[in-house]
Amino acid sequence: MAGTIRHDWTREEIAALWERPLPDLILLAQQAHRAHFPADEVQLSTLLSIKTGLCPEDCAYCPQSAHHNTELEPERVLDVETVVARAREAKAAGATRYCMGAAWRRPSDRQLEKVIDLVQGVRALGMETCVTLGMLTASQAQRLAEAGLDYYNHNIDTSPEYYGEIITTRSFDDRLETLGHVREAGLKTCCGGIVGMGEDRADRVAMVHTLATLPEHPQSVPINLLVRVPGTPLQDAEPLDPFELVRTIAVTRITMPASAVRLSAGREEMDDATQALCLLAGANSFFSGPRLLTTPNPQADRDRALLDRLGMRPVAGEAADVDAAPAGAAEPSPCAGRASADAATASR
Ligand code: SAM
Ligand code: DTB
Ligand code: SF4
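These lines cover the structure that appears in this document, whether it is placed above or below. (Residues numbered from 1 in each chain as written. Chains lettered and ligands numbered in written order. Predicted model: local features only at pLDDT ≥ 70, side-chain atom pairs only at ≥ 80, totals over all residues. Heavy atoms only, no water.)

We now examine the overall build of the protein. When you go through the protein residue by residue, the secondary structure sums to twelve helices and ten strands. In summary, the protein has a C-alpha radius of gyration of 18 Å against a globular reference of 20 Å for 348 residues, a match within 12%. The dimensions of the protein, computed from C-alpha atoms along their principal axes, are 50 × 45 × 40 Å. Split into buried and exposed, the 348 residues of the protein put 58% on the buried side. Sequence-distant contacts in the protein: of pairs separated by 6 or more residues, those separated by 24 or more amount to 75%. Where the 34 positive side-chain charges of the protein centre and where its 48 negative ones centre are 3 Å apart. (Helix = DSSP H or I, 4+ residues; strand = E, 2+ residues; numbered from the N terminus. Rg over C-alpha atoms; globule rule 2.2 N^0.38 Å. Buried < 20%, exposed > 50% of the residue type's maximum accessible area, 1.4 Å probe, protein only. Contact = heavy atoms within 4.5 Å. Lys, Arg positive; Asp, Glu negative; His and termini not counted. Charge placed at Lys NZ, Arg CZ, Asp CG, Glu CD.)

Take a look at the structure:
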């Protein structure tokens, strides 16, 4: 049945979905989407880089790695006043979640306490919070949960088989270990990956399979299209066929029907029709605001115009989190309560 939450997907089943004619795939994705969410709403999150550059990891896609020669000005951890002021602007522009990223392999306990000050400052505005800080110990994840953090972002990026082509300074299993700590601490998980890094379809299948067979589906699944940054080893990666991105979104929606699927990095260079197809294929979240972490993102007026032309609208908090929507935000849709109940079952 459309929208059933399953954790026993096989790679073969996911590969077979991927091969379906696109109209069939879109229909299945729409059915899964509508079983859990109103189909006309998009959740908006805004990103901020709270510590930029000089990262010791060697992720081949990333402009912030100290191993690559990108034109990036490194920055120390931002102070709480700056971060809260930026979050307030994002809230005024319609974002319901504020996501803060740091270019660390893993934070020290002291660094973690600084981040907790930022999280608490942003929470006080009535926004949801998400941070992405690299690997965590079990007690650090616990500490973040106690401090009131909502989501932790930690992407698996690609398949287990292709991982070593992209990153050599940590392993796929390191990623899974931190994801376990995050889950066990009771934090919500934001976990997805990147397409367009020269991987093949089997790698994309394996990536989605890994996500869909985690003990709980990540509540939020970001699908990033590689932003090819000059100076990174992937600067000249072959551009991905946009329909392959659409298929990735559709299969993500079908296999993790109650999760928010975020069309993440890569929208700046994407035409409106491709973005619309991604929304038809089950994406229901965007990053809003003119910057991702270090690279450009579409301006708010372009996003607003796109949603208007499609008859869609920003939602007051992820449908799964309507109870946490800030006071005074737009009315939740009539389906939101149902989506909330279903999403709860996603996290067995
Ligand atoms: N250092 C932490 C980590 O790696 O988990 C947090 C920050 S890191 C920049 C967060 C995520 O951004 C990465 O996992 C990756 O999926 C995504 N990302 C980084 N550079 C990207 C790029 N050029 N294109 C698309 N996604 C990118
Ligand atoms: C995610 O999956 N994508 C975001 C967020 N989670 C942290 C980051 C995208 C970064 C794109 C490159 C940059 O702006 O530096
Ligand atoms: Fe560092 Fe994260 Fe960039 Fe990798 S993706 S180089 S860990 S900031």
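Anyway, onward from the coordinates.
Attention shifts here to the nonpolar core. Grouped together as the largest cluster of nonpolar side chains are 54 residues, with contacts concentrated most on Tyr61, Ile166, Met197, Leu234, Leu245, Ile249 and Leu263. Core analysis: the second largest hydrophobic core is formed by 31 residues, Leu78, Val83, Val122 and Leu149 among them. (Core = buried A, V, L, I, M, F, W, Y, C linked by side-chain atoms within 4.5 Å.)

This next bit is on the site of ligand 3. Every residue close to ligand 3 is listed here: Cys55, Glu57, Cys59, Tyr61, Cys62, Ser65, Ala103 and Arg170. Its residues assigned to classes, the shell around ligand 3 shows five nonpolar, one polar and two charged. (Near = heavy atom within 4 Å. Nonpolar A, V, L, I, M, F, W, Y, C, P; charged D, E, K, R; others polar.)

Glancing now at unusual backbone geometry. Unusually for a residue other than glycine, Leu54 sits at a positive phi of about 60°. Take Leu54: it is sitting in the loop between β1 (41-51) and α3 (80-92). In this structure, Asp157 takes a positive phi of about 70° despite not being glycine. With respect to the element layout, Asp157 can be found in the loop between β4 (151-153) and α6 (163-166).

Considered for burial, the residues of helix α11 (residues 300-309) that qualify are Asp303, Leu306 and Leu307. Considered in projection along α11, the buried side chains sweep an arc of 95° and stay on one side of the axis. Across from the buried face of α11, at angles greater than 90 degrees, the exposed residues are Asp301, Asp308 and Arg309. On its buried side, α11 packs onto β1, α10 (272-280), β9 (285-287) and β10 (313-314). The first or second residue beyond α11 is Gly311, which carries a positive phi of 70°. (Arc of directions from axis to C-beta.)

Moving on to the site of ligand 1. Not every one of the 17 residues close to ligand 1 is listed here, only the nearest: Tyr61, Asn155, Asp157, Arg175 and Val227. Asn155 places a side-chain nitrogen or oxygen 2.9 Å from an oxygen atom of ligand 1. Backbone polar atom of Val227 to a nitrogen atom of ligand 1: 3.0 Å apart, as the coordinates give it. Split by residue class, the shell around ligand 1 holds eleven nonpolar, four polar and two charged. (Polar contact = N/O pair within 3.5 Å; in protein donor to acceptor, adjacent residues only side chain to side chain.)

Moving on, we come to the pairing of strand β8 (residues 260-263). Side-chain alternation along β8 places Ala260 and Arg262 on one buried face and Val261 and Leu263 on a second face that is also buried. The sheet contact formed by strand β7 (residues 220-225) and β8 spans four bridges and is parallel. If you follow Val221 over to β8, its bridge partner there is Val261. Taking the sense of rotation as the criterion, the β-α-β connection linking β7, helix α9 (residues 242-255) and β8 turns out right-handed. Examined bridge by bridge, β8 and β9 share two bridges and lie parallel to one another. Pairing of Leu263 across the sheet is with Phe286, part of β9. After leaving β8, the chain enters α10 and then returns to the sheet as β9, a path that is right-handed. (Pairing = 2+ DSSP bridges. Right-handed = clockwise from strand over helix to strand, strands pointing away.)

Take the packing of helix α2 (residues 22-36) against α9 next. At their nearest, the axes of α2 and α9 sit 8 Å apart, and the two run at 35° to each other. The two elements α2 and α9 cross, and the hand of that crossing is left-handed. Between α2 and α9, the contacting residues are Leu22, Leu25, Ile26, Leu28, Ala29, Ala32 and His33 on the first element and Phe243, Val246, Arg247, Ala250, Val251, Arg253 and Ile254 on the second. Classifying every residue of the contact of α2 with α9 by side-chain character gives eleven nonpolar, one polar and two charged. (Axes fitted to C-alpha atoms, helices over the stretch in contact; angles between N-to-C directions. Left-handed = near helix turned anticlockwise from the far one by under 90°.)

Attention now goes to the packing of aromatic side chains. Tallied over the entire structure, the rule returns one aromatic pair. Taking 5.4 Å as the distance between ring centres and 80° as the angle between the ring planes, the aromatic pair formed by Tyr163 and Phe172 counts as edge-to-face. Look at Tyr163 and you get buried, because its relative accessible area is 2%. Since its relative accessible area comes to 10%, Phe172 is described here as buried. Positioned over the ring face of Trp9 is Arg6, at 4.0 Å from the centre of the ring. Here the basic side chain of Arg97 rests over the ring of Tyr151, its NZ or CZ set 3.9 Å away from the ring centre. (Phe/Tyr/Trp six-rings, centres within 6.5 Å; stacked < 30°, edge-to-face > 60°. Lys NZ or Arg CZ within 6 Å of the ring centre and 35° of its normal.)

This paragraph deals with the side chain of His68. Assignment of secondary structure puts His68 in the loop between β1 and α3. Using a relative accessible area of 12% as the deciding quantity, one classes His68 as buried. Excluding anything up to four places from it in sequence, His68 contacts Asp58, Cys59, Ala60, Cys62, Gly231, Thr232 and Pro233.

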